[in-house]
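Letter by letter, the chains look like this.
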2 protein chains.
Amino acid sequence: MTDIATRMWNHGWRLDPIVRSLLDTDFYKLLMLQMIRNAHPTVDATFTLINRTRSVRLADIIDEGELRAQLDHARTLRFDKRELIWLAGNSFYGEARMFAPDFIAWLAEFRLPDYELRTVDGQFELRFAGPWTHTTMWEVPALPIVNELRSRAALKGRGRFELDVIYARAKARLWDKVERLAALPDLVLSDFGTRRRHGFLWQRWCVEALQEGLGERFIGTSNVLLAMDAGLEAIGTNAHELPMVLAALADDDAAIASAPYRVLEEWQRHYRGNLLVVLPDAFGTAAFLRDAPDWVADWTGFRPDSAPPIAAGEAIIDWWTAHGRDPREKLLIFSDGMDVESIERVYRHFHGRVRTSFGWGTNLTNDFRGCDSGGGDALAPISLVAKVVAANGRPAVKLSDNPAKASGPPDEIARYLRIFGHEGREDATVRV
Amino acid sequence: MTDIATRMWNHGWRLDPIVRSLLDTDFYKLLMLQMIRNAHPTVDATFTLINRTRSVRLADIIDEGELRAQLDHARTLRFDKRELIWLAGNSFYGEARMFAPDFIAWLAEFRLPDYELRTVDGQFELRFAGPWTHTTMWEVPALPIVNELRSRAALKGRGRFELDVIYARAKARLWDKVERLAALPDLVLSDFGTRRRHGFLWQRWCVEALQEGLGERFIGTSNVLLAMDAGLEAIGTNAHELPMVLAALADDDAAIASAPYRVLEEWQRHYRGNLLVVLPDAFGTAAFLRDAPDWVADWTGFRPDSAPPIAAGEAIIDWWTAHGRDPREKLLIFSDGMDVESIERVYRHFHGRVRTSFGWGTNLTNDFRGCDSGGGDALAPISLVAKVVAANGRPAVKLSDNPAKASGPPDEIARYLRIFGHEGREDATVRV
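Small disclaimer: the values here were computed from a predicted structure and weren't measured. (Residues numbered from 1 in each chain as written. Chains lettered and ligands numbered in written order. Predicted model: local features only at pLDDT ≥ 70, side-chain atom pairs only at ≥ 80, totals over all residues. Heavy atoms only, no water.)

A few points about the overall build of chain A
And step 1. Across its full length, chain A holds 18 helices and 12 strands.
And step 2. Rg of the C-alpha trace for chain A: 21 Å, near the compact-globule value of 22 Å for 432 residues, within the 12% margin.
And step 3. Projecting the C-alpha coordinates of chain A onto the three principal axes gives extents of approximately 65 × 50 × 45 Å.
And step 4. Counting only carbon and sulfur atoms, one obtains 50% of the accessible surface of chain A, whose full area is about 17,300 Å².
And step 5. One finds the centroid of the 53 positive side-chain charges in chain A at a distance of 2 Å from the centroid of its 60 negative side-chain charges. (Helix = DSSP H or I, 4+ residues; strand = E, 2+ residues; numbered from the N terminus. Rg over C-alpha atoms; globule rule 2.2 N^0.38 Å. Areas by Shrake-Rupley, 256 points an atom, 1.4 Å probe, with all protein chains shown as cover. Lys, Arg positive; Asp, Glu negative; His and termini not counted. Charge placed at Lys NZ, Arg CZ, Asp CG, Glu CD.)

Structure (structure tokens):
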């Protein structure tokens, strides 16, 4: 029996919306948003979409009108009552009342701001300008929208069984990974795959599969909606936009140099415990550790995000040890392009010496390698990011441990490199 | 939205029936039945289930009560009006009115006869005794019922995602085969996998996948219900039970020796064209060809079913040539444990020299190799058959080209071997 009402309902949609809830975002966006609203309510910040995989001409694949329709639909969304009650009433990282009542009340009125979109030479120029408190919230819906529109384009016109087999192969592929990871007894893993996911439903399948296959070792997901729906922990702390904006707002080189630590001071006024995780690589991890005040060593952990994971982890362990802290009580979170091989390698390398946790992203939620016999690279993930490029009209800069991930105008990058130095920066191919 | 009515309906079943239609059978059973009813309406024939894979103790895996419940459910089935109209009105092998009106009327009253079931030493003794016109119809429902009960037992208690991945892997596995077979431009393939299928829904998926993946090269299915529902040709001709029963009824050795040809005479009084396919191996293909009258060479084709396919095909081609027929106008149907490798090999060997067609059975509808990481061999197909063992109280014998497939009392096998000879019989492992 077909449920006729459901079928009519499904057919009645003007479009098949990719993002259907403002909670379909990464948890760190909400944590950062609360702090931005408290500490920087008047700052303007501009974000743009950057497709680092230039060879993939997105605008030749995705119809600009469809992209507009999806972005417009996302702008119609509001946090609904159930979502706000959950944000207010749920414990995150073991803490009740993580979000203050006035912030929840403010969220109830929140909607995504306008966007600017044009097509230039086969790529989309997608730009979000306005109050940081609003533009920051575009990062995550914009990325999965573009990625899923690309997946849909790649699969348009395929046969019903061909499609079934593509997903069957992807499921088999992921489960093979789950079976390998299940052999690591002390694994701590979470889903960081929202932004680069193949699609929402596929991310949900992946998350629920990890829940069943890894049990307690799968500690949660960065996706707030999936966390709520699946009864999982919402996972995440903070991102590069915080030191990038604070550095951009700084009036002199000394203020730029201290921006990464001022971010941490602001952060620890808002959050504590396991949320005290340093993201050290915005302007190079070596520079960060060299100049970091001693109190940074009291934080729970570090998330090295652009340096080779084992080298970065060793440098951070050395730094903890030099500051008289016991690394076995500390946490390293690895989240840069991880896959099962690198998770196994890094896990084994650090096992027993430091607590480790893995944020598994693109290779969890968008690995269709070998799944689409006839489709070429149409389903291969691309390196798509949404980065802050300006704050209050001043350019924002990221150096990163990997020069391929740097962003900002060349003269500003040169200036930041004079301030922070080149130490430890090493080019590596950016795949995802 | 969940369709509440459907959910209630699903929950209300006393059991989940494996066979839900009397058309869920192989087409050759209906063709043979019409002939049996016309030519041998008073013959009694006893069929029994034989598990050649003795190492699998079926009765330790399948609950006898559940087996009874499924067999009892099959006995409640009748051909419904739509099914009878389709049988009467559809063309089979290009012929209208294949089934006579009085046969269709008789089918309307048909129900499966009683069965005898007991458990002995970990195996089921399942026996169908009575009029050949009724007991013959148990073969196919009995085999898929036992096979699907075994699949269900193997998968009981598995997690939702684990199950999803098992089927995902099986789909990926089958589609890999489809992609290989799609490279054979003149392939003619049909589904012969009803009896050994993993389950009904899985067979349906396989059949529909072949329809999409191979197009016109997939000519149909032996399963009458699937043929009707999917708009495919129903495929099949005749089986060993015909010469076995006729030989059992024979009063002397000469009558036994001529039984295989009397079957063909009866058959060609009922059917013609592409239905004129010889199954030569009941008492050995070499003996069959040695003693065959010339008119047998006018038949459309042969289905070698237990000899190595290339050797058997060559022997038949030689025989056609010796009888002055052009093999390029003839048909060889291969259906004995075929899989993609043997299909490719046999296809290439005979390409351009004779028309070939492949009946793909167990390795189509029950290949879960490598799909169930933790389950051992619980999903591996077994060699389960339902064979006629007696006709009017006399033992029925099959010699086969493969002594491992022989059946009958030892003294009767010895007698048949004296009549037909040992020529060309060669032991081969029976896997499925």
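Resuming the write-up.
Quick notes on the interface of chain B and chain A
And step 1. In this assembly, 22 residues from chain B lie in contact with 22 residues from chain A.
And step 2. Counting across the chain B and chain A interface gives 8 salt bridges.
And step 3. Taking the shortest distance from any N to any O, the salt bridge between arginine 160 of chain B and glutamate 208 of chain A comes out at 3.6 Å.
And step 4. At the boundary of chain B and chain A, one finds 16 residue pairs in polar contact (both at pLDDT 80 or more).
And step 5. Listing elements by their share of the side of chain B that touches chain A, those giving two or more residues are helix 9 (160-181) and helix 10 (200-214) of chain B. (Contact = heavy atoms within 4.5 Å. Salt bridge = Lys/Arg side-chain N within 4 Å of Asp/Glu carboxyl O. Polar contact = N/O pair within 3.5 Å; in protein donor to acceptor, adjacent residues only side chain to side chain.)

What to know about the packing of aromatic side chains
Residues and elements named next belong to chain A.
And step 1. Under the definition given, this model contains 51 aromatic pairs over all chains.
And step 2. Each ring, one from tyrosine 167 and one from tryptophan 202, has its centre 6.2 Å from the other, and the planes form 50°; the classification is tilted. Here tyrosine 167 is found in helix 9 (residues 160-181), whereas its partner tryptophan 202 is found in helix 10 (residues 200-214), with 35 residues between them in sequence.
And step 3. A residue is classified by how much of its surface remains accessible, and tyrosine 167, at 27% relative accessible area, is partly exposed.
And step 4. Overall, tryptophan 202 belongs to the buried group, its relative accessible area being 5%.
And step 5. Seen from their ring centres, phenylalanine 334 and phenylalanine 350 are 5.7 Å apart, and the 15° between their planes marks the pair as stacked. Highlighted residues: phenylalanine 334 in strand 9 (residues 331-334) and phenylalanine 350 in helix 16 (residues 340-350), separated in sequence by 16 residues. Grouping residues by exposure puts phenylalanine 334 and phenylalanine 350 together as buried. (Phe/Tyr/Trp six-rings, centres within 6.5 Å; stacked < 30°, edge-to-face > 60°. Buried < 20%, exposed > 50% of the residue type's maximum accessible area, 1.4 Å probe, protein only.)

Observations concerning the confidence of the model for chain A
And step 1. Of all residues in chain A, 99% attain a pLDDT of 70 or more, and the chain-wide mean is 95.
And step 2. In the predicted assembly, ipTM is 0.87 and pTM is 0.91. (pLDDT = per-residue confidence, 0-100.)

With respect to the UniProt feature "domain: Nicotinate/nicotinamide phosphoribosyltransferase" (unreviewed entry) in chain A
And step 1. The UniProt feature table records "domain: Nicotinate/nicotinamide phosphoribosyltransferase" (unreviewed entry) at residues 189-407 of chain A.
And step 2. Annotated as 39% helix and 15% strand, the span residues 189-407 of chain A places its first and last C-alpha atoms 29 Å apart. (UniProt positions renumbered as here; feature names shortened; annotations may be inferred.)

Quick notes on the pattern of salt bridges
All names here are of chain A.
And step 1. According to the stated counting rule, one finds 82 salt bridges over all chains in the structure shown.
And step 2. Across the salt bridge formed by aspartate 298 and arginine 325, the nearest N and O atoms sit 2.7 Å from each other. Taken together, the positions of aspartate 298 in the loop between helix 14 (285-291) and strand 8 (301-302) and arginine 325 in the loop between helix 15 (309-322) and strand 9 put the pair 27 residues apart, joining distant regions of the chain.
And step 3. Among the residues examined, arginine 325 registers a relative accessible area of 18% and is labelled buried.
And step 4. Across the salt bridge formed by arginine 303 and aspartate 305, the nearest N and O atoms sit 3.5 Å from each other.
And step 5. Take arginine 303: its relative accessible area is 9%, and that puts it in the buried class.
And step 6. Within this structure, Asp26, Lys29, Glu139, Arg195 and Glu241 form a network of salt bridges that share partners.

Remarks on the sheet that holds strand 3 (residues 123-128) of chain B
All names here are of chain B.
And step 1. The sheet built from 5 strands is open, its strands ordered 2-3-1-11-12 with antiparallel pairing. With one partner strand each, in any of the chains shown, strand 2 (116-120) and strand 12 (394-395) form the two edges of the open sheet.
And step 2. Across 2 bridges, strand 11 (residues 384-391) lies against strand 12 in antiparallel orientation. Among the inter-strand pairings, alanine 390 is bridged to a residue of strand 12, identified as proline 395.
And step 3. Across the face of the sheet, helix 4 (residues 64-75) comes into contact with strand 2 and strand 3 while running at roughly 165° to strand 2. (Pairing = 2+ DSSP bridges. Axes fitted to C-alpha atoms, helices over the stretch in contact; angles between N-to-C directions.)

Notes on unusual backbone geometry
All names here are of chain B.
And step 1. A positive phi angle, near 50°, is found at arginine 97, a position not held by glycine.
And step 2. Tracing the backbone shows arginine 97 in the loop between helix 5 (81-89) and helix 6 (101-108).
And step 3. Positive phi, close to 45°, is recorded for asparagine 392, a residue that is not glycine.
And step 4. Tracing the backbone shows asparagine 392 in the loop between strand 11 and strand 12.

What to know about the relation of the copies chain B and chain A
There are two copies of the chain, and a rotation about an axis plus a shift along that axis relates them.
And step 1. Rotating chain B by 180° and moving it 0.0 Å along the rotation axis overlays it on chain A with an RMSD of 0.0 Å. Each copy turns onto its partner about a two-fold axis. When C-alpha positions in chain B are compared against the rotation axis, the closest is assigned to alanine 168 of chain B, at 2.0 Å. (Least-squares fit on C-alpha atoms with pLDDT ≥ 70 in both.)

Details of the sheet that holds strand 5 (residues 218-221) of chain A
Residue and element names in this part refer to chain A.
And step 1. Strands sit in the order 6-5-4-10-9-8-7 across an open sheet of 7 strands; the sheet is parallel. In this open sheet, the two strands that pair with only one neighbour each are strand 6 (233-234) and strand 7 (277-278).
And step 2. As paired elements, strand 4 (residues 189-191) and strand 5 share 3 bridges and run parallel to each other. What sits directly across from serine 190, in strand 5, is glycine 220.

Brief notes about helix 18 (residues 410-420) of chain B
All names here are of chain B.
And step 1. For helix 18, the complete set of buried residues consists of Glu412, Ile413, Tyr416, Leu417, Ile419 and Phe420. Across the axial projection of helix 18, the buried residues extend over an arc of 160°, all falling on one side. Relative to its buried face, helix 18 has exposed residues pointing more than 90 degrees away, namely Pro410, Asp411 and Arg418.
And step 2. Where helix 18 is buried, its residues contact helix 12 (241-249), helix 13 (253-270), helix 14 (285-291) and strand 12.
And step 3. Downstream of helix 18 by one or two residues, glycine 421 has phi in the positive range, about 90°. (Arc of directions from axis to C-beta.)

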